[in-house]
Amino acid sequence: MTGLQAGTPPPAGKGRRWLIGLVFAWMAVVVVVGAWSVWHSPATVPEQRDIARAVPELQQAAGVAYAAADGDGRVVMLGELELIEGCRITPVRHGYVAARDLTVYVRQGDARATLDAIAGALPAAYRAEVSEGRGGTRLAMHADAGNFIGIDTALDATTRAITLRLTSGCRPGPVSAADQRDPGAAATPAELATVLTGLGAKASAPQVRAVACPDGGVAASYTVEVPPPADLAARMRTVSAGATIVRSDDVAWAYRRNGVSVVVVPDGEQVRVGVGTGC
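Notes on the structure in this doc start here. (Residues numbered from 1 in each chain as written. Predicted model: local features only at pLDDT ≥ 70, side-chain atom pairs only at ≥ 80, totals over all residues. Heavy atoms only, no water.)

Concerning the pattern of salt bridges
Link 1 in the chain: Tallied over the entire structure, the rule returns 15 salt bridges.
Link 2 in the chain: Of the charged contacts, one joins R49 and E57 as a salt bridge, the two residues approaching to 2.3 Å between their closest N and O atoms. Each member of the pair, R49 together with E57, is buried.
Link 3 in the chain: Across the pair D231 and R235 runs a salt bridge, and its minimum N-O distance is 2.9 Å.
Link 4 in the chain: On the accessibility criterion, D231 (36% relative accessible area) is partly exposed.
Link 5 in the chain: By sharing partners, the salt bridges in this structure join E82, D101 and R165 into a single network. (Salt bridge = Lys/Arg side-chain N within 4 Å of Asp/Glu carboxyl O. Buried < 20%, exposed > 50% of the residue type's maximum accessible area, 1.4 Å probe, protein only.)

In structure tokens, the structure reads:
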């Protein structure tokens with residue numbers, strides 16, 4: 001009798017070959033699905049998006065935050081983009097944090113109302129929340145701009161300068177791949193020359209920091225440092241006459257005129273003069 005009788009199992013070698021083929025086919029499917037996911041699925045932790053991708057996302061959020069923070073009765077100045085090295089992605093792998101500050105000067109007693117207004121002006125998707133602590137003497141705000149970009153502040157309720165800090169979380173490099181350039185800003189506002197003339201200081205090229213506004217255009221801060229005059233307070237009272245004064249003391253002068261923010265801050269042997277344009 002030749003051949004296999006009915007009910008006789010196939011040779012062991014043929015069964016093993018069939019099983020091995022099935023395993024390899026499944027591994028191929030896993031590889032293909034994994035590769036597609038890497039290139040198409042959103043990141044689930046910040047270290048999956050490198051610092052080069054984080055910087056433009058943070059810059060975009062900074063423009064949105066600037067637009068929300070600017071307004072009557074407030075003076076807004078933009079800080080520089082920072083790329084901070086030294087955070088740890090894993091115990092043996094270091095990374096970078098992208099960060100940028102917005103400083104908002106407010107009148108005495110307006111900190112809570114200003115935070116509420118900023119939170120309300122941010123997009124609903126940011127889920128901005130303002131909270132109180134220590135019996136209302138401490139304030140905090142957090143907003144999630146998406147893609148692991150956070151907007152945070154924590155301050156005393158009596159503060160007159162609110163710093164909103166945008167951060168990216170710890171990201172892998174290389175930092176050389178990150179585009180750190182700000183968008184091109186308009187010419188320096190005439191208000192800067194007015195202030196410098198009032199202080200008896202020579203005009204010089206300002207440091208310019210800028211962000212793109214969510215509805216188009218560019219908002220920018222223009223800053224110079226000059227020697228302090230002996231009669232700074234008297235000169236500031238003259239140069240700010242007719243403006244909307246937000247703060248005027250030994251720490252800072254801050255006011256608005258024709259939609260332009262002005263901040264004059266004594267800083268050791270120099271006076272930092274800044275003007276800012278809004279969105």
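Quick notes on the sheet that holds strand β10 (residues 244–248)
Link 1 in the chain: Taken in spatial order, the 6 strands line up as β8-β9-β13-β12-β11-β10 in an open sheet, and their pairing is antiparallel. For this open sheet the edge positions go to β8 (207–212) and β10, each flanked by a neighbour on one side alone. Pairs of neighbouring strands in the sheet enclose a mean axial angle of 15 degrees, with direction left out of account.
Link 2 in the chain: In terms of strand pairing, strand β9 (residues 218–226) meets strand β13 (residues 270–277) through 7 bridges, oriented antiparallel. Looking across to β13, one finds that S221 is bridged to G276.
Link 3 in the chain: Against the sheet, helix α2 (residues 51–69) makes contact with β8, β9 and β13, and its axis sits at roughly 90 degrees relative to β8, the strand it touches most. (Pairing = 2+ DSSP bridges. Helix = DSSP H or I, 4+ residues; strand = E, 2+ residues; numbered from the N terminus. Axes fitted to C-alpha atoms, helices over the stretch in contact; angles between N-to-C directions. Contact = heavy atoms within 4.5 Å.)

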